[in-house]
Amino acid sequence: YLNTNLSFIIITSMEDETSLPTRYEVLLQKLYQIPLYRISHDGYDLENMKSLMRHLGLSDVMIPSKCSNVADSVQLTRDDVDPLNNPLNDPLVVHVAGSNGKGSVCQKVAYSLASSNTFKKGVGLFTSPHISCFRERIQVISQCNVVGDESMYLQSETISEEDVHLILQLIFDICETAKIEVVFFEVVTALMFKYFYDHRVVDAIVIEVGLGGRLDATNVIANPTVSIITSIGLEHTKILGNNINSIAKEKGGIIKKGVPVVVGYNVPHEVIEDIAGQMDAPYFRDIDILGKGEEYSGEIDKDYNKQNERLAKAALFLLTKQMNLNIRDINLHLGLNRLPKCRFEEISIGTTKVIFDVAHNPSAIAQLAIKLKKCYPCKNFRVIVGFSGDKDIANCTRILVESVAPPQRIHLVESSTSSRAAKIEQILDACSMLNCSDFLYTKRSVESQTKVALKLALEHDEVLVVCGSFFIMSEARKASGLREARDSEFVTSAI
């Protein structure tokens, strides 16, 4: 569809859920039966992922490029470092890690780069997890023309079912023949690299880290043009460490030798800067590149989107300097205003305003509460929320009750599409204040509670907020009547 306000065209297909399983669906179901991530990283150094990449003919991805070193890039001419004509024919690569904001920053950078006439073949975008359809994870952003309209439009084209099928089958065959043991995200990352390097070749790729950084599957990339670390908070503590500094060291593991790194606001700078120093990697905060500017004020600490905008803008300014591009060639308005699905996404369902936001940790929930009050100061809120079992449910729910809505207006739900979903009983154990809610033991599904909440929000003139786990979003969007590409129940039943 064409969104005239944002000037984006989304190209995807609406699958018929009543049809027999396709080859794409069968392979995707097989993929979902693989463990999501490694429970322990002891002694693991990505050797399985690297082996898979070599078997896929992608060894060059793991070889540092002449253009990846900022010191070297200064010595090269525009023709040498132009992404369309660089020495190793490498695409420009932006590698993004962080606890919060990395998906938003990826979108802003990718859409901004695509607005430049430099990247004729388009900009690849890899993000995770998806909301409604697996193919959302791998997209190509490019310019398109609308007959009779001289305005610039950007189109987002998801990887096709046929390409997913072809590449997944190749990966499964290789893993079986070469006896390579891989987890879910390693397979998906290999799929992305094979697609962007061999099937749908692009001029630039923006890559979001899946989990952590140092041992994340995406970290096989040895030749990024710039690295970005958005923020660092307590998350996945059983894997990444139980304190901020330990987690920072894991995320700082994406920093490559000589490759500049741009860092966000909520980061232990001394830890990340020390890693950058060891790697001879130039270290930048957004203020080092942009100065304070009009938008830099005390309020920015309370607005994730403004933080993400400035961080993306700083990285773009650095990239244009490295690649000898003119920042005026980039339509920053088209890119920086871009938000992924379910990041304070405002949709009207009839006369009811619905906000979808995947805030699922305490800092993100707190930011969501601040923005809700700022955008709707005179409104009451009704909340639908569900969590994954490994999240800090106690603090998340405490913030919701204290800052967003009383328990009577909070609908607790369980995702039917994720084995990691927290049961309502687990949520109640974490927050006894929610025991007085009317929406506990019956009709606990996302679909049923979304319909109930929409009806009550309409009756009481409330803003409905759907937040928490990524896994509840597709069901809530479908129950709200939103039409969009989504995977069939045959696929989601395997998650």
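Residues numbered from 1 in each chain as written. Predicted model: local features only at pLDDT ≥ 70, side-chain atom pairs only at ≥ 80, totals over all residues. Heavy atoms only, no water.

A. Representation of the overall build of the protein. Tallying secondary structure elements over the protein gives 19 helices and 15 strands in all. Burial statistics for the protein: of 495 residues in total, 59% are counted as buried. Contacts in the protein between residues at least 24 apart in sequence constitute 74% of all its contacts with a sequence separation of at least 6. For the protein, the exposed surface amounts to about 20900 Å²; the carbon and sulfur share of it is 50%. (Helix = DSSP H or I, 4+ residues; strand = E, 2+ residues; numbered from the N terminus. Buried < 20%, exposed > 50% of the residue type's maximum accessible area, 1.4 Å probe, protein only. Contact = heavy atoms within 4.5 Å. Areas by Shrake-Rupley, 256 points an atom, 1.4 Å probe, with all protein chains shown as cover.)

B. How the structure looks around the side chain of Arg338. Mapped onto the secondary structure, Arg338 falls in the loop between α13 (332-336) and β11 (345-349). Of the side chains with opposite charge, Glu345 comes closest to the buried, unpaired Arg338, at an N-O distance of 8.4 Å. A polar side-chain atom of Arg338 sits 3.3 Å from a polar atom in the side chain of Tyr111. (Lys, Arg positive; Asp, Glu negative; His and termini not counted. Salt bridge = Lys/Arg side-chain N within 4 Å of Asp/Glu carboxyl O. Polar contact = N/O pair within 3.5 Å; in protein donor to acceptor, adjacent residues only side chain to side chain.)

C. How the structure looks around the pairing of strand β7 (residues 204-208). With 5 of 5 residues buried, β7 is to be regarded as a mostly interior element. The sheet contact formed by strand β3 (residues 92-97) and β7 spans 5 bridges and is parallel. Across the sheet, the residue bridging to His95 is Ile207, located in β7. By the bridge criterion, 4 bridges tie strand β4 (residues 123-126) to β7 in an arrangement that is parallel. The residue bridging Val123 from the neighbouring strand is Ala204, located in β7. (Pairing = 2+ DSSP bridges.)

D. Spotlight on the environment of Ser419. Looking at where Ser419 falls in the secondary structure, it is placed in the loop between β14 (410-412) and α16 (424-430). Sequence separation between Ser419 and Ile495 is 76 residues; the distance between their C-alpha atoms is 6.9 Å.

E. Region of the structure containing the pattern of salt bridges. Within this structure, the stated rule accounts for 20 salt bridges. In this structure, Glu162 and Arg23 form a salt bridge, with 3.0 Å as the shortest nitrogen-oxygen distance. Remark: Arg23 occurs in helix α1 (residues 23-32) and Glu162 occurs in helix α6 (residues 161-178); sequence separation between them is 139 residues. Among the ionic pairs, Glu447 bridges to Lys451, the shortest N-O distance being 3.2 Å. One end of the pair, Glu447, and the other, Lys451, are both in helix α17 (residues 446-459), 4 residues apart, so they sit about a helical turn from each other. Among the ionic contacts, a cluster of salt bridges with common partners joins Glu136, Lys341, Glu345, Arg477, Glu484 and Arg486.

F. Layout of empty space enclosed by the protein. For the structure on display, the rule yields 2 cavities of 30 Å³ or more. Here the second largest cavity defines a volume of roughly 60 Å³. Around the second largest cavity sit Asn100, Gly101, Thr230, Ser231, Gly264, Tyr265, Asn266, Tyr304, Gln307, Asn308 and Leu311, which together line it. Classifying every residue of the lining of the second largest cavity gives 3 nonpolar, 8 polar and no charged. (1 Å grid on protein atoms, 1.4 Å probe; cavity = no way out; pocket = protein on both sides within 12 Å on 5 of 7 lines; lining within 4 Å. Points joined across faces, edges and corners; volume = space filled by probe spheres on them. Nonpolar A, V, L, I, M, F, W, Y, C, P; charged D, E, K, R; others polar.)

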